[in-house]
Amino acid sequence: MAEFSTSIKDAGDVNVVYLKGYLDAHTAPILENTFSNLIEKSKYSIVVNFKDLSYISSAGLGVFMAFIEKIRDNSGDIKLTTMSDKVFNIFDLLGFPLLYEIYKSEEEAINKFSETKKLENR
Amino acid sequence: MKTDNKKIREKELVVKSNTTNLSSIRDFVYATALEIGFSSEVVDNIILAVDEACTNIIKHAYKSFPEGEITIKLKYNNKKFTIVIIDHGIPFNPDTIPDPDLQKYYRQHRVGGLGMYLMKSLMDEVKYVSVPGKYNQVLLSKNLNTTH
C-alpha cells in the first residue's frame, strides 16, 4: 500500500503543509482532511511544500481544486513550493500554473502572504 | 537478452477494484517498463497513465465497489510496450469526456476528465473497447525510442 502523510508547521499567520509519499486516489482523502481541518480553524493562508512528495495523480490534483475557491473567498490562498520537476510537469501539463502561484522556496511562498497584506493595509 | 528480443512477452496481474491496489499496480508496471529500457521519466509517465486508467475503472466502471476485478496485461518487445486493462463494470464511452476546463472546475470545485487528458498526453496510443455485458478494455501503448 502506498504511503502518504501530511504534517503542518505554524509559521505565524501562515500554515505550511508538508506532503510526503504518494498522493493518489487512495490517499487523496488524507489531504482533503488536512485542508478541511485548517478551514475549520479559519486558517486560510496555506503554503503546501512538495519537497517529499514522490508521486501525484489527478486524484491528488483534484483536492487542490476542491478547496481553492473557499479559501480565496476568505482572503486566503494555497501557494505551492519546492516541487520536483516530475511533479511540476504534471501540474504544468494540466494548466495548473495559471491557477496557483508556485515558488522555488518555502520562505518565498510564506513572504508572499505578508507582502499581500502590506499592500492591502496601505 | 532484453535488447535483441523481438518476440512479444507477456505478464498479467489481477487485482480487486480497490484504490488500495493502485500502488501494487504501479509497482507491477514500473518494474517491466524499466526492464524494457524506457528512461525513468517515461517510466513515470507510463505508470501515471496506468494509475489514471485504473482509478477511472474503480470510480466509474465499478462505482467504487471494491470487489470488482481488474486485469492488467503487459505485452512488450524491444519496440513497443502495451498495457491492456480489462474490467467487467459499467461500459464507458470516451467520446463523452470533454478535454478538461480548469476555469470551469474552479467554479464547480471539482475536476473530471483530467485522468483521460493525462493518459492521452503521456501515451502514444489510448484505445477503448467495450463489449456490453462482457468486458471493457482500455489499451495504452508507448513506443520505445520516442523522445517524450
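Here, every reference points to the structure presented above.
This report concerns the structure included in the present document. (Residues numbered from 1 in each chain as written. Chains lettered and ligands numbered in written order. Predicted model: local features only at pLDDT ≥ 70, side-chain atom pairs only at ≥ 80, totals over all residues. Heavy atoms only, no water.)

## A word on the overall build of chain A
Part 1 of the argument: Counting secondary structure elements, chain A contains 4 helices and 5 strands.
Part 2 of the argument: In sequence order, the secondary structure elements of chain A are arranged as β-β-α-β-α-β-α-β-α.
Part 3 of the argument: Counting all 122 residues of chain A, 49% fall into the buried class.
Part 4 of the argument: Long-range pairs, those at least 24 residues apart, make up 67% of the contacts in chain A between residues at least 6 apart in sequence.
Part 5 of the argument: Entry remark: accessible area of chain A is about 6,000 Å², with carbon and sulfur atoms responsible for 46%.
Part 6 of the argument: Separation between the mean location of the 14 positive side-chain charges and that of the 18 negative ones in chain A comes to 4 Å. (Helix = DSSP H or I, 4+ residues; strand = E, 2+ residues; numbered from the N terminus. Buried < 20%, exposed > 50% of the residue type's maximum accessible area, 1.4 Å probe, protein only. Contact = heavy atoms within 4.5 Å. Areas by Shrake-Rupley, 256 points an atom, 1.4 Å probe, with all protein chains shown as cover. Lys, Arg positive; Asp, Glu negative; His and termini not counted. Charge placed at Lys NZ, Arg CZ, Asp CG, Glu CD.)

## Some words on the environment of Val 87 of chain A
All names here are of chain A.
Part 1 of the argument: Tracing the sequence through the fold places Val 87 in helix α3 (residues 85-93).
Part 2 of the argument: Judged by its relative accessible area of 2%, Val 87 is buried.
Part 3 of the argument: For the pair formed by Val 87 and Lys 51, sequence separation is 36 residues and the distance between their alpha carbons is 10.0 Å.
Part 4 of the argument: When sequence neighbours within four positions are dropped, the list of residues in contact with Val 87 reads Phe 50, Leu 53 and Ile 56.

## Some remarks on the sheet that holds strand β4 (residues 125-131) of chain B
Residues and elements named next belong to chain B.
Part 1 of the argument: Spatially, 5 strands are ordered β1-β2-β3-β5-β4 in an open sheet, and the strand pairing comes out antiparallel. For this open sheet the edge positions go to β1 (9-16) and β4, each flanked by a neighbour on one side alone. Between one strand axis and the next, the sheet turns through 15° on average, direction left out of account.
Part 2 of the argument: Bridge count between strand β2 (residues 69-76) and strand β3 (residues 80-87): 7 bridges; the pairing is antiparallel. Along β3, the bridge assignment pairs Lys 73 with Val 84.
Part 3 of the argument: Sheet strands in contact with helix α4 (residues 114-122) are β4 and β5 (135-143), and its direction is about 125° off that of β4. (Pairing = 2+ DSSP bridges. Axes fitted to C-alpha atoms, helices over the stretch in contact; angles between N-to-C directions.)

## Re the layout of surface pockets
Residue and element names in this part refer to chain A.
Part 1 of the argument: In this model, the second largest pocket occupies a volume close to 390 Å³.
Part 2 of the argument: Ser 45, Ser 75, Gly 76, Phe 113 and Lys 117 are, among the 22 residues lining the second largest pocket, the residues nearest its centre.
Part 3 of the argument: Of all elements in the fold, only β2 (14-23), β4 (77-81) and α4 (106-121) reach the threshold of two or more residues within the lining of the second largest pocket.
Part 4 of the argument: Broken down by element, the residue count for the lining of the second largest pocket peaks at 7 residues, all from α4.
Part 5 of the argument: Taken together, the residues of the lining of the second largest pocket sort by class into 5 nonpolar, 10 polar and 7 charged. (1 Å grid on protein atoms, 1.4 Å probe; cavity = no way out; pocket = protein on both sides within 12 Å on 5 of 7 lines; lining within 4 Å. Points joined across faces, edges and corners; volume = space filled by probe spheres on them. Nonpolar A, V, L, I, M, F, W, Y, C, P; charged D, E, K, R; others polar.)

Limitation: the analysis is restricted to geometry and does not speak to function.
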